[in-house]
Amino acid sequence: MNRVIAVIVLSIGALTAAAAGPIDQVIFKDGFSITGRRYKEQEMITDRQNGTSVVVPKARGFDIIETGPKWIIFSNKTQQVGKLLENVRGENEFKMYDRPVIFKGKHPLPANGLVKIGEWNDKWIRIIRVDIPINKSFAEIEQRVHSVSPTRIVMPSANYLWYPFHDTREFDPQLIRKMIATHPDNNQENGPPDADKRLDIAQFMKDAGWFDVALKEIDKARIDVPGVWAKEVNERAEKLTAEIQKAKTARLTVELEKAVKSGRYQTAGELINLFDEKTADSSDAKLFATMKAQVEIVEPRFAKGRKLLRATLDRLTGGTPSESIGALGGGYALGSRAPVLTPEQTTLLAAGEQVLAEIHPDTVERIDFFLSLAEQAERRILNGEDPGTTPEKLIALAMTGWIKGRNGAEQNVDTAIRYWKWRDMLLAYQVEPTINNRRELYANLIAGGAPLPPEEIAQIIGYLPPPEPENLEKRFGVQVQPGIYRRNTGPLRETANGVDYVVRLPSEYHHGRPARLILALTHHSLPADEMIRYLGAEADRHGCIVVAPQWVNEWDQAYDWSGDQHYMARGVLRDALKHFRIDNDRVFLFGYNEGANFAMDLGASHPDLFAGVVAMAPNPKHFNMFMHYWRNMQKLPLYACIGSIAGDSFSNLRRCFEDWMPKGYPAIGVIYRGRAAEWFAGEVPTMFDWMSPKKRVNGTAVLRLNEPVEPWISMRDADDRFYWVGSDKLDKYSTLEQRGGKSFTPAEISADIRQGNHIVLRTRGTQNVIIWLDRNMIDWSKPIRVSINGTVPNGYRAKVLKPDIELMLEQLYKTGDRSLLFLNRLEFPTVR
């Protein structure tokens, strides 16, 4: 049998497939879902002797969802068991408008040049002129819209081999409205106004998700088509209006949920006021009630917590509670003489003011015990009774809860002050540039008789604010666009000039609540601030900080895959952690074009830093790079988007997916039909939805993917740690630098921790191996056994390790990572 491959999907041959049909839904293990027509990639096998052909599932073929203008590749091993919902609805519910296209030629697209794009005319035609400087010629591409649906627009060229599909969301709704209004089905220029045709336009706008445009279309139709409408037309208009209002309410509910989850309570309050329960179905009404209840619980508790803490602090300074107690904290009126505070009370007062400044509705539960006892004290005072406790003890309760979390709260003043000293030291430690001074900060605290066990220190670190919080009222840096500021990291080891970057904070950002961070890497053709602007609306909806290093300029053409630029991204991440409250377990990489290559390489080189990678229009270097490094994505989710005619970009990405998919790696590939390597604006909302539920994998979850244990690959000394194991000394023949562009064998490390604290490693191409141990990896009360390549390291005996606090603090200084805290490390020469 001669296998003649005729790929049914992911090829130009499928570009004209019909859009109508049943739709399936795939729900992944983290809750992210995709809908469309599901099938397996196929190929045709032809018997050379008799010419008989049969279509079968393609070897190394993909599971695919076809939806709108794109295909989505995924591994069925990553979906929830039993979570394939078939025939949830049909795309044939949507009306599609099309026009015939007469093809005049099949020329290949012209070479790169200056592009001038014309306007669409009433025949759905536009001319794209390409001025080609190499031979001082030009080409005119005649592009026609073949079909327009609420989910996709197909717009081939009549004279060139080009058949691109677009997401309808990529276009201005007024342009699409103009197109379908000039379609022969709706054109009313040569006839009387037709209300039914106007309702067809409104229906399209509703199906495309442009609800306000659809409502305006109906209102305008009643003006443009005066008089009494026919009964069936009027009923249709009323029904469509009700459907649009219901869809608007459903969207409002989704937006309310996003606002609450991202801590935007002002926005949530505005959305609650807009909700119309008469237009909501039962599921939307239930979700709305849940979100509203959360807002109604959290915000009053936050307000009460602030008032009670303010009142308690004022009592400490000698206020007279009778004047303000009824309002619970408009501030106690100070007496005629403020008391002289002891050093202890001064510390409590300063700490209490800091807690008051940092508290947020989503973090107020950390002072729950303070809130309960403070309320009791206020009631007693109102009744003329002794409050039952002192302001000092109440402030201590708030301090300890704030420092260690709700269950760490206690009233002991000495304990509270001890914890606060640790907090101050840990904040100062992260920004002290001199190692001897850092050591002195720690030594002085210990010498003062305030030691803490490592698990308590780790608790404190997890709740720390940024060590140098930016003044949100008077922003640092130069504003380059509204809400977008240019900053500099300050001197780094690699460059005394530091790295310039731009930053955008989400609306209602607060230093007291950790936010997700997107580290965005751009292309030389797209300024960093402009890319952030493109991401801004979705970043707001999901509560994400976005930072973008200015790593390229107009002359930089390509990411060189050397790894030499990695310090720029890592330096920007470290600097952002100093100034903003960032959730270390929700840091994502986003890259566009060459920035996407940067993002994929950085993620595969340091997967333990990130919760996921989003790569738009990447061209992963397969030869000598991802032919090896694809394994390092085994725990790092990837969302990659490319066009099917992107040449090497498409084929190289496909080769990566052919390795990832059979093993169940958490990667999703999106292929836009007939598109090249470009900015896919319609994909941005889905990318953010994909990021939304994800958190970085750490702790025991990184031990293995499946059997056998997968190796980690390194080809650069700087790629020195993969979660908890690594090497910073590779054999020369295993490094990119020494081998150049020639084929070579990279270094490998396999690692597992088995029962009885037995660490088992296999290495190749390394001169050493380093094991990093966090508090959850081992049983710290029992000896640790180690074997490398089947042999116990020379001179090593199983022993109990003690947590090394100074090592933990140094790692905190270097990385700013408040979540992944290593308490000790082991290093051995490789046993060959």
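The structure this text deals with has already been given above.
Report on the accompanying structure. Quick caveat: nothing in here was measured; it's all calculated off a predicted structure.

Structural notes on the overall build of the chain
Consideration 1: Along the chain, the regular secondary structure elements total 20 helices and 32 strands.
Consideration 2: Here the C-alpha atoms of the chain give a radius of gyration of 31 Å, agreeing with the 28 Å that 2.2 N^0.38 yields for 832 residues.
Consideration 3: Taking all 832 residues of the chain together, 55% fall into the buried category.
Consideration 4: Taking contacts inside the chain between residues at least 6 apart in sequence as the whole, the part at least 24 apart equals 69%.
Consideration 5: Counting every atom, the chain has about 37,000 Å² of accessible surface; 50% of that belongs to carbon and sulfur.

Some remarks on the packing of helix 12 (residues 454-462) against helix 20 (residues 805-815)
Consideration 1: For the pair helix 12 and helix 20, interaxial distance at closest approach is 11 Å and the crossing angle is 15°. Judged on the interaxial angle alone, helix 20 and helix 12 are roughly parallel. Where helix 12 crosses over helix 20, the two elements pack in a sense that is right-handed. Contacts between helix 12 and helix 20 involve P454, I457 and I461 from the first element and I805, M808 and L812 from the second.

A few points about the packing of aromatic side chains
Consideration 1: Scanning the model with the defined rule gives 24 aromatic pairs in all.
Consideration 2: Each ring, one from F657 and one from W660, has its centre 5.2 Å from the other, and the planes form 80°; the classification is edge-to-face. Pair noted here: F657 and W660 are both in helix 17 (residues 648-660), with a separation of 3 residues, about one helical turn.
Consideration 3: Overall, F657 belongs to the buried group, its relative accessible area being 2%.
Consideration 4: Cluster of aromatic residues (ring-pair linked, three or more members): W551, Y559, W561, F598 and F626.
Consideration 5: One Lys or Arg, R222, reaches over the ring of W229 and ends 4.5 Å from the middle of that ring.

Re the environment of G816
Consideration 1: The residue G816 is located in the loop between helix 20 and strand 32 (822-829) in this model.
Consideration 2: Look at G816 and you get buried, because its relative accessible area is 0%.

Describing the side chain of R818
Consideration 1: As for its placement among the helices and strands, R818 is situated in the loop between helix 20 and strand 32.
Consideration 2: Buried charge R818 goes without a salt bridge, the closest partner of opposite sign being D817 at 7.8 Å.
Consideration 3: Among the polar contacts listed, one links the side chain of R818 to the backbone oxygen of L577, at a separation of 3.1 Å.
Consideration 4: Beyond its immediate stretch of four places on either side in the chain, R818 contacts I461, G462, L464, P465, P466, P467, L577, F580, R581, I582, N584 and L812.

Here's the deal with the sheet that holds strand 27 (residues 725-726)
Consideration 1: Read across the sheet, 3 strands follow the order 27-30-32 without closing on themselves; strand pairing throughout is antiparallel. In this open sheet, the two strands that pair with only one neighbour each are strand 27 and strand 32.
Consideration 2: Looking at chain direction, strand 27 and strand 30 (residues 768-774) are connected through 2 bridges and run antiparallel. Within strand 30, the position partnered with V725 by the bridge is I771.
Consideration 3: Helix 20 rests against strand 30 and strand 32 of the sheet, and its axis sits at about 95° to strand 32.

Quick notes on the sheet that holds strand 10 (residues 125-132)
Consideration 1: In space, the 3 strands of this open sheet follow the order 9-10-11, with antiparallel pairing throughout. Looking at the sheet topology across the chains shown, the edges are occupied by strand 9 (114-117) and strand 11 (137-144). Averaged over all pairs of adjacent strands, the angle between their axes in this sheet comes to 20°, without regard to strand direction.
Consideration 2: Where strand 10 meets strand 11, 8 bridges bridge the pair, whose relative direction is antiparallel.

Section: the side chain of E530
Consideration 1: Examined against the element boundaries, E530 turns out to sit in helix 13 (residues 528-542).
Consideration 2: Of note is the side chain of E530, whose polar atom sits 3.0 Å from the side chain of Q481.
Consideration 3: Among the polar contacts listed, one links the side chain of E530 to the side chain of R533, at a separation of 2.4 Å.

Structural notes on helix 13
Consideration 1: For helix 13, which comprises 15 residues, the first-to-last C-alpha distance of 20 Å matches the rise-based estimate of 21 Å (1.5 Å per residue) to within 8%.
Consideration 2: Along helix 13, the helix axis deviates most sharply at G536, where the bend reaches about 50°.
Consideration 3: In terms of residue burial, helix 13 counts as a mostly covered element, since 12 of its 15 residues are buried.
Consideration 4: Among all positions in helix 13, only A528, D529, E530, M531, I532, L535, G536, E538, A539, D540, R541 and H542 are buried.
Consideration 5: Following helix 13 by one or two positions, G543 adopts a phi angle in the positive range, close to 70°.

Description of the pattern of salt bridges
Oppositely charged side chains can form a pair if their charged atoms are brought close together.
Consideration 1: One pass over the full model with this rule turns up 56 salt bridges.
Consideration 2: In this structure, D131 engages K116 in a salt bridge whose closest nitrogen and oxygen atoms are separated by 3.8 Å. In this pair, D131 is assigned in strand 10 and K116 in strand 9, connecting sequence segments 15 residues apart.
Consideration 3: Across the salt bridge formed by R764 and E748, the nearest N and O atoms sit 2.9 Å from each other. In this pair, R764 is assigned in strand 29 (residues 758-764) and E748 in strand 28 (residues 747-754), connecting sequence segments 16 residues apart.
Consideration 4: Relative accessible area serves as the criterion here: at 38%, R764 is assigned to the partly exposed category.
Consideration 5: Exposure remark for E748: the relative accessible area of 21% places this residue in the partly exposed category.

Section: helix 16 (residues 622-629)
Consideration 1: Of all 8 residues that make up helix 16, 6 are buried, and the element is covered over most of its length.
Consideration 2: Where helix 16 is buried, its residues contact helix 15 (594-605), helix 17, strand 26 (712-714) and helix 19 (736-739).

Notes on empty space enclosed by the protein
Consideration 1: All told, the structure shown has 9 cavities of 30 Å³ or more when counted by the stated rule.
Consideration 2: Of the volumes computed, that of the largest cavity is approximately 80 Å³.
Consideration 3: Lining the largest cavity are 13 residues, with S262, E508, Y509, H510 and R513 positioned closest to its centre.
Consideration 4: Its residues assigned to classes, the lining of the largest cavity comprises 4 nonpolar, 6 polar and 3 charged.
Consideration 5: Approximately 70 Å³ is the volume attributed to the second largest cavity.
Consideration 6: Taken together, 11 residues make up the lining of the second largest cavity; nearest its centre are I73, L653, R654, F657 and I671.
Consideration 7: Taken together, the elements giving at least two residues each to the lining of the second largest cavity come down to helix 17 and strand 25 (667-672).

Procedures and definitions
Residues numbered from 1 in each chain as written. Predicted model: local features only at pLDDT ≥ 70, side-chain atom pairs only at ≥ 80, totals over all residues. Heavy atoms only, no water. Helix = DSSP H or I, 4+ residues; strand = E, 2+ residues; numbered from the N terminus. Rg over C-alpha atoms; globule rule 2.2 N^0.38 Å. Buried < 20%, exposed > 50% of the residue type's maximum accessible area, 1.4 Å probe, protein only. Contact = heavy atoms within 4.5 Å. Areas by Shrake-Rupley, 256 points an atom, 1.4 Å probe, with all protein chains shown as cover. Axes fitted to C-alpha atoms, helices over the stretch in contact; angles between N-to-C directions. Parallel < 35°, antiparallel > 145°, perpendicular 65-115°, else oblique. Left-handed = near helix turned anticlockwise from the far one by under 90°. Phe/Tyr/Trp six-rings, centres within 6.5 Å; stacked < 30°, edge-to-face > 60°. Lys NZ or Arg CZ within 6 Å of the ring centre and 35° of its normal. Lys, Arg positive; Asp, Glu negative; His and termini not counted. Salt bridge = Lys/Arg side-chain N within 4 Å of Asp/Glu carboxyl O. Polar contact = N/O pair within 3.5 Å; in protein donor to acceptor, adjacent residues only side chain to side chain. Pairing = 2+ DSSP bridges. Expected span 1.5 Å × (residues − 1). Bend = angle between axes of the 7 residues up to and from the residue. 1 Å grid on protein atoms, 1.4 Å probe; cavity = no way out; pocket = protein on both sides within 12 Å on 5 of 7 lines; lining within 4 Å. Points joined across faces, edges and corners; volume = space filled by probe spheres on them. Nonpolar A, V, L, I, M, F, W, Y, C, P; charged D, E, K, R; others polar.

Read these as layout, nothing more, since geometry by itself doesn't imply function.
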